[in-house]
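# Structural overview for review
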Amino acid sequence: MVETVRRLPLFALVFMLLGTLVMVYPYAYMVGSSFKSRREFAEDKSSLIPPRYQIGEQLKHRRGESSALDWPGSDWALFRNYTDAIQYGRVDRYLANSFIYAVVITAVQLFINALAAYAFARMRFPGRDALFMFLLATMMIPTAVQLIPNFLVIRALGLVDTVWGVFVPGFAGAFGIFLLRQSFLNIPSELEHAARIDGCGSWGIFWHVILPLSKPVLITLGLFTFMGAWNMFEWPLVVLSNQDYYPLTVGLSFFRQESAADWPRIFAAGVMGAAPLIVLFLIAQRYLVGGISLSGMKT
Amino acid sequence: MGNPFRQKIVPYLYIAPAMGITFVFSIVSMGISFYASFHDYDAFAGASAFVGLDNYRRALLEPDSYFWLSMRNTVFYVAMSVVGVLVTALPLALVCQRIRKGQALFRTLYFLPSITPGVVLALVFFHIFGIWGGLLDSAATALPALAILGVWSGAGYNMVIFLAGLADIPPHLYDAAKVDGANRWHQFRHITIPMLRNTLVFVTVMTIIGAFQVFTSVYIMTNGGPERSTEVITFTIFINAFSVAGQMGFASAAAWLLFAVIFVFVFIQMHIFKSRNVYDG
Amino acid sequence: MPRHLKHTMIAVMAIGLVIAVLWRAGMTQGWLGSLDKTAPRPIQLRIWDWWSPSSNEEYGDYFAALEETFEQRNPDVNLVYQTVPFANYVQKLSTAMVGQTPPDLFQSSVFWAEGFYQRGMLHPLNDLISNDPVNSDGSRLEEAAFLPSAWQHNHTQEGVVFGMPMIIDASCLVWNLDILERAAQQDDEIRAMFVRHPEGSVDYDHIRFEAIKDWAHFRRITKKLTTYTPDGEVDQAGFTIQAYGGAGVLPPWLAGNGTRFQDLGGSRAMFDSPAGIETMTFLARLYWEDRVSPSFRRELTPAERFQEGKTACIPAGTWSGKDIIRNTMGWDHFGKTAFPPGPHGSGQKTVTWGNMLVISNRSPNVEAAWRYIKFVCSLEGNLLRSKYLGYNGPRLDFYETERWQQALAERPYLSNVKQICLVGDKLRHTEIIAADHQANPIVETILLRYPDIMNGRGPYPSIEAAMHEAARNVNKVYERYNRQVTQWQGQDE
């Protein structure tokens, strides 16, 4: 690597740090506001620290002047909005629903996509290339355009407002087939020959050779699928009515009206909604960030 | 070994689940919606009268369908998004590349919006835009505000893509250029940009396709207002399909028109860049 | 740590997580409920509402009382409540009615009820009413038992009854009596807005029903009550008007001016009549010329400004009292009046509606659902809503009860509520979402860009032109909708 100019990294660092502040500010705002009482939020929308904890307000109170600590609700417990969101807003139910949707969709998608990718990569059969082209073509249909068509199909199948109505369209993932096929093509065929000699049929090869060797791409694809399924919004919004089935995204969008615009509580629910993916991301970022480059550019 | 017939159908068994689902939720679903677009259709009551091309006519010709207004708003949003992404993600990547140690940390921090549900971000920015002077209150600033949210959300993601593209540029090209006396701007213009062509095209196309489908922020923050300035095409389709009685056929027609627009665009860009052998698929 | 131990720990945590998720997930609650060992009730009534037991304590108590009382008297029925937000109600209902778990009963706003019926979603109530109109407390469920203004929306013009009124709501003006009282010390006209005690002194807890004589009087009063900051911004507002969400501000003022938003049959927009245009102009001038309202802010509703004590008057509803008290943590020194008459109107007026309980026609439990309606819409049910939620009821006998007299004594702000409900005109009710989709942006434009329109630099040459275009588009909505209704009714035969 050529090190051209030594003084640049300092400027770069400052620039990036400023950018980080820009990136992180909304999260800080959300978290800070999630601790405020309703009155505090109405009086002071912009501060990151709830007024009752601000040093300025504490000093005013000590001096006997009127301060935030005189407002009703100044004894608001720190995590009160979080417990309210769970108790009244049933955010835990929505979170658990999101989790189930994401896990099931990911598991099924990975499995059936791997099956199909294996066949496209390693088997010869009439129509193979045509079918693959067809698959690529379906990737071009934007999701927004698919909303009504999918609803009409689900309606015809009688799955409207059911959990399966959310699962089934989620099982379709042409992109995953594409990615996995690329990866399977890179597995040396000698390994396959060796397995055949040992008596494995196609299933055996698939299960014992291909899959274990594809762990990284499977994990990456799995993580992407999981995140995509977790963040699903329009589709569950359209197909579900029964509150019990809402994933967190839909639940949050309704929360605003249900809680009569209790914004601190809404923000608490938002924090609880964003946190799981952030935790997942921190644990698995190696796969995710690498995966973007993989998906974007290479052929 | 094995029954030849059985051998023949095995591949089809492997591809059947994935292809079956994909087939149903693309061809079949689009077919049904195409059918619905020629009818009066109610989400509850189903299809009623056949109306021929009336839904399409109404979308394209009648001003109160707001189809063209929505398309115009959407195109503005797309243009602002593309410009915004190129102006933020590329410089960020260029700067981030210089940093040796903190790169991974910055990538993580910048990536946060991409992994946060859009609904959460929309709820937070609803207030942030209010604090910044009520950007969502005026027809002139509401759509740009939404574009800012879109660009902010995608900054990290696109930065990572640009970083990958930049990493692919062989350093010896820069060395050679320096030997020839090229300054940094020259290097940027004649090495970086051309070598980044693939990435630039990719990012632009993905941004355009994504921006055409913006929905969550409109639904959560503005409901199409003020004065219809943020009514984007997905929102018009959604309202007509699901909130209004009997207009799902009209909404299907509008969705097909949107598909046609996106399709034409993607077709054009594929054609333009095909000869350059940029990427496959 | 030895690897197998680490793997075991991870496996245990994973299993624990899975169990926790399955236990708490919304989608498994039904299945988990069926594991309950107590004797199951054979009939399950699914009831949907936009009122939520979880939004605050009062609603929680109300629904708990409802459920407990009803289930005790009807041991064969299990009640299951679900919440759907108001703004998405039509969409969610339509989806649910096509789905696997549609509700048996739901509360329907008058905005949608007729539409639901015309789309074929509702079970008509006429037979149930004629066969079984008497509740356990002796009150009857028929037209004669209700305030006339509550019985306006729940039937077709041919007489098919599709809903039973559960509450009665009316738009009203809510006045901050602290602000008025302060101003009344120096101003006779404002002091005259209050009721007088029999011996002649001013009763600052009660505002007169006829406090505002007409629009000119309204403008005078609100201007007097407005104060400004040094830079010319409105500090204390005489009247807060909201631009976002458009057309909903109009109906009560239209009623005051002798006209309405739409005709009674749902085929013609009337808000662009001369009286309607006059009304729109009046509202725009209140903001731009009289300057009695603070700047339009999307995320700051008039109710919030009122709760902050920064505005003397807001347009709200007869239901708003309890919300204001809860959000201000106990302040209740406010009063309600109807809307004053404009140049084309006469007498105090407003719009009234009675949101109703309806039975879905996919319900297999119509008999049990009717039992529930008989309970909730009876006098006893009305009294429950008064006790927990502060609602006044749509039934005539409600206003004879001791409970109501007691409420009037305890809560002075209720004093004009019955009269306000009596003078209510029929609220608009046809294809509201589609009509608003056309009308709201234009009303927003008129309110936001009034100065430009008056200068000829606006998107419309005049308010009149804007209103005519809105009416044209709304008429097209009605036309399309009515055409479909004919088709649906043709399909049923």
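Just so we're clear, the structure is a prediction, and the values are computed from it rather than from any experiment. (Residues numbered from 1 in each chain as written. Chains lettered and ligands numbered in written order. Predicted model: local features only at pLDDT ≥ 70, side-chain atom pairs only at ≥ 80, totals over all residues.)

### Describing the pairing of strand β2 (residues 46–50) of chain B
Residue and element names in this part refer to chain B. Pairing analysis gives three bridges linking strand β1 (residues 39–42) to β2, with the strands arranged antiparallel. Bridge pairing links Tyr 41 to Ala 47 in β2. With antiparallel pairing between neighbouring strands as the criterion, β1 and β2 make up a hairpin whose turn holds three residues. (Pairing = 2+ DSSP bridges. Helix = DSSP H or I, 4+ residues; strand = E, 2+ residues; numbered from the N terminus.)

### What to know about the confidence of the model for chain B
Residue and element names in this part refer to chain B. In the predicted model, chain B carries a mean pLDDT of 86, and 96% of its residues have values of at least 70. For residues 275–281, every residue scores under 50 in pLDDT, and the model assigns this stretch eight contacts once sequence neighbours within four places are set aside. Across the interface, the model reports ipTM at 0.87; the global pTM reads 0.88. (pLDDT = per-residue confidence, 0-100. Contact = placed C-beta atoms within 7 Å.)

### Overview of the interface of chain B and chain A
With 76 residues of chain B in contact, the opposing surface of chain A contributes 72 residues. Per element, the largest residue contribution to the side of chain B that touches chain A is 19 residues, and it comes from helix α1 (residues 4–36) of chain B. Of the residues belonging to the side of chain B that touches chain A, the class tally is 54 nonpolar, 18 polar and four charged. (Nonpolar A, V, L, I, M, F, W, Y, C, P; charged D, E, K, R; others polar.)

### As for the packing of helix α6 (residues 139–167) of chain B against helix α9 (residues 197–212) of chain B
Residues and elements named next belong to chain B. Relative to each other, α6 and α9 sit at 155°, their axes nearing to 10 Å. It follows from the interaxial angle that α6 and α9 lie roughly antiparallel. Along this stretch, α6 crosses α9, giving a crossing that reads as right-handed. Side by side, α6 and α9 meet where Gly 150, Gly 154, Asn 158, Ile 161, Phe 162 and Gly 165 of the first sit next to Asn 198, Thr 199, Phe 202, Val 203, Thr 207 and Ala 211 of the second. Taken together, the residues that form the contact of α6 with α9 break down as five nonpolar, seven polar and no charged. (Axes fitted to C-alpha atoms, helices over the stretch in contact; angles between N-to-C directions. Parallel < 35°, antiparallel > 145°, perpendicular 65-115°, else oblique. Left-handed = near helix turned anticlockwise from the far one by under 90°.)

### A short note on the nonpolar core
Ranked by size, the top nonpolar core spans 296 residues in total, and within it A:Ala116, B:Met159, B:Ala254, C:Val358 and C:Ile446 carry the most contacts. Among the elements that line this core, the one with the most residues is helix α5 (residues 91–122) of chain A, at 18 residues. Beyond its immediate stretch of four places on either side in the chain, B:Ala254 contacts B:Ala59, B:Phe67, B:Thr236, B:Ile237 and B:Asn240. (Core = buried A, V, L, I, M, F, W, Y, C linked by C-beta atoms within 7 Å. Buried ≥ 20, exposed ≤ 12 C-beta atoms within 10 Å, placed from the backbone.)

### Observations concerning the domain arrangement of chain B
Residue and element names in this part refer to chain B. Assigned domains of chain B: these are domain 1 (4–58) and domain 2 (63–274). Facing the twelve residues of domain 1 at the interface are twelve residues of domain 2. Considering every element that reaches the side of domain 1 that touches domain 2, the biggest residue donor is β1, with four residues. For the side of domain 1 that touches domain 2, the class distribution of residues is five nonpolar, four polar and three charged. (Domains from an automatic or database assignment.)

### Observations regarding the environment of B:Thr88
Residue and element names in this part refer to chain B. Note that Thr 88 resides in helix α3 (residues 67–98). Judged by the 19 C-beta atoms lying within 10 Å of it, Thr 88 is partly exposed. Placed 80 residues apart in sequence, Thr 88 and Asp 168 show a C-alpha to C-alpha distance of 20 Å.

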